[in-house]
Amino acid sequence: MDVQRTLTVGTPDVTALRRAYGAFATGVTVVTVGGATPHGMTANSFTSVSLDPPLVLVCVDRNAVMHACLSRTREFAVSVLTDDQEKVARYFADGRRPLGGEQFDQVEWRPGATTGAPLISGALAHFECEVWRSYDGGDHTIFLGRLLSLERRTDGEALLFLSGRFRQVEQERSEAA
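Residues numbered from 1 in each chain as written. Predicted model: local features only at pLDDT ≥ 70, side-chain atom pairs only at ≥ 80, totals over all residues. Heavy atoms only, no water.

### Structural notes on the pairing of strand 2 (residues 29–33)
Here is the key point about a regular strand: its side chains alternate between the two faces of the sheet. Selection rule: Accessibility here uses a 1.4 Å probe with only protein chains present; expressed as a share of the type maximum, an area under 20% marks a residue as buried, one over 50% as exposed, and anything in between as partly exposed. Going along the chain from the N terminus, every DSSP run of H or I of four or more residues is numbered as a helix, and every run of E of two or more is numbered as a strand. Only strands that DSSP links by at least two bridges are regarded as paired with each other.
Of all 5 residues that make up strand 2, 5 are buried, and the element is covered over most of its length. Where burial is concerned, the two faces of strand 2 agree: the one with Thr29, Val31 and Val33 and the one with Val30 and Thr32 are both buried. Both strand 2 and strand 3 (residues 39–43) contribute to a ladder of 5 bridges, which runs antiparallel. The partner of threonine 29 across the bridge, within strand 3, is alanine 43.

### Quick notes on the nonpolar core
Put simply, the rule reads: By nonpolar core we mean a set of buried residues, namely Ala, Val, Leu, Ile, Met, Phe, Trp, Tyr and Cys, connected to one another through side-chain atoms within 4.5 Å. Pairs of residues are marked as contacts when any of their non-hydrogen atoms sit within 4.5 Å.
Of all hydrophobic cores here, the largest spans 21 residues; its most connected members are Val31, Val58, Val60, Met66, Leu70, Phe76 and Phe127. Ranked by the residues each element gives to this core, the list is headed by strand 9 (residues 125–137), at 4 residues. Ignoring sequence-local partners within four residues, the contact set of phenylalanine 127 consists of Phe46, Phe76, Ala77, Val78, Val80, Leu147, Ser149 and Leu150.

### A few points about the layout of surface pockets
Convention followed: Points on a 1 Å grid over protein atoms alone make up a cavity when a 1.4 Å probe fits among them but cannot get out, and a pocket when they form an open set with protein on both sides within 12 Å along at least five of seven lines; lining residues each have an atom within 4 Å of a point. Grid points are joined across faces, edges and corners, and a volume is the space filled by probe spheres set on the points. Think of it as three bins: nonpolar holds Ala, Val, Leu, Ile, Met, Phe, Trp, Tyr, Cys and Pro, charged holds Asp, Glu, Lys and Arg, and polar takes everything else, Gly as well.
Of the pockets and cavities examined, the largest pocket occupies roughly 1,400 Å³. Along the walls of the largest pocket sit 42 residues, with Arg18, Asn44, Ser45, His140 and Phe161 positioned nearest its centre. Of all elements in the fold, only helix 1 (14–21), strand 3, strand 5 (54–61), helix 2 (65–73), helix 3 (86–93), strand 10 (140–152) and strand 11 (159–162) reach the threshold of two or more residues within the lining of the largest pocket. At the level of secondary structure, the elements contributing two or more residues to the lining of the second largest pocket comprise strand 1 (26–27), strand 4 (46–51), strand 5 and strand 10. If one sorts the elements of the lining of the second largest pocket by residue count, strand 4 sits on top with 6 residues. Classifying every residue of the lining of the second largest pocket gives 14 nonpolar, 8 polar and no charged.

### Re the pattern of salt bridges
So the rule is basically this: By salt bridge we mean one thing: a side-chain nitrogen of Lys or Arg within 4 Å of a carboxyl oxygen of Asp or Glu.
Applying the stated rule across the entire model yields 6 salt bridges. Residue arginine 90 is joined to glutamate 86 by a salt bridge in which the shortest nitrogen-to-oxygen separation is 2.8 Å. Highlighted residues: arginine 90 and glutamate 86, both in helix 3, separated by 4 residues, approximately one helical turn. Given a relative accessible area of 29%, glutamate 86 falls into the partly exposed group. Taking the shortest distance from any N to any O, the salt bridge between arginine 96 and aspartate 94 comes out at 3.0 Å. Residue classification places arginine 96 among the exposed positions, given a relative accessible area of 75%. What makes aspartate 94 partly exposed here is its relative accessible area of 24%.

### Points about the sheet that holds strand 4
Paired through backbone hydrogen bonds, the strands of a sheet run either parallel or antiparallel to each other. The cut-off we apply is this: The axes are straight lines fitted to the C-alpha atoms, using for helices just the contacting stretch, and the angles between their N-to-C directions are given from 0 to 180°.
Across the sheet, which stays open at both edges, the 7 strands sit in the order 3-2-6-9-10-5-4 with antiparallel pairing between neighbours. Every other strand in the sheet has two partners, leaving strand 3 and strand 4 as the edge strands with one partner each. Direction aside, neighbouring strands of the sheet carry axes that sit 35° apart on average. Docked against the sheet, helix 2 engages strand 2, strand 3, strand 5, strand 6 (75–80), strand 9 and strand 10, running at close to 50° with respect to strand 2. Against the sheet, helix 3 contacts strand 2 and strand 3, and its axis sits at roughly 115° relative to strand 3.

### Some thoughts on the packing of aromatic side chains
Any aromatic ring pair is given by two values, namely how distant the centres are and how the planes are angled relative to each other. Note the threshold: Within 6.5 Å between ring centres, the rings of Phe, Tyr and Trp (the latter by its six-membered ring) count as paired, and their orientation is classed by plane angle as stacked under 30 degrees, edge-to-face over 60, tilted in between. Only when the NZ of Lys or the CZ of Arg is both within 6 Å of the ring centre and within 35 degrees of the ring normal is a charge said to sit over the ring.
For the coordinates displayed, the defined rule picks out 4 aromatic pairs. Aromatic side chains phenylalanine 92 and phenylalanine 104 sit 5.5 Å apart centroid to centroid with 45° between the ring planes, which places their arrangement in the tilted category. Taken as a pair, phenylalanine 92 in helix 3 and phenylalanine 104 in the loop between helix 3 and strand 7 (109–111) lie far apart in primary sequence, 12 residues in all. Note on accessibility: phenylalanine 92 and phenylalanine 104 belong to one class, buried. Centre to centre, the rings of phenylalanine 104 and tryptophan 109 are 5.7 Å apart; their planes meet at 55°, and the pair counts as tilted. Using a relative accessible area of 2% as the deciding quantity, one classes phenylalanine 104 as buried. An aromatic cluster is present here, built from Tyr91, Phe92, Phe104 and Trp109 joined pairwise through their rings. Residue placement shows arginine 133 over the ring face of tryptophan 132; its charged tip is 4.1 Å from the ring centre.

Encoded structure:
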């Protein structure tokens, strides 16, 4: 077994830290806000937090356009991407895409019934939320969202991100006990 060890005294090596964080597979989402200036961004720092009340979180870099959007609008949506939506994930991660409503001209979407935030068509699940709390998370802010509405497809597999690459779920070999 090949093991890379990094002695951490003070601030860790950023490259080693990214590689270690990347060992944990995550789903891939597009977080969106609506309103006069809609915006979207790819995020893999999304997770469920609580069933009662129903809460999710998304972590957003303080320098990202989305950070200012969430601080201003207080409502957002999350589209959980399917394994055939890597192109969508790459598009919303590209800082060169247009801003405002024009960025949504390249993807199929519809406004969320509750928030009006864009929901990416074909996604595995959609969550519409209002910002419930926010917390300092170093160079990111942790936004907790209280669930307002949800949708879930019954077919399809999630797009994954692992070790700096997009991945797909392999077919199941056996059932978990």
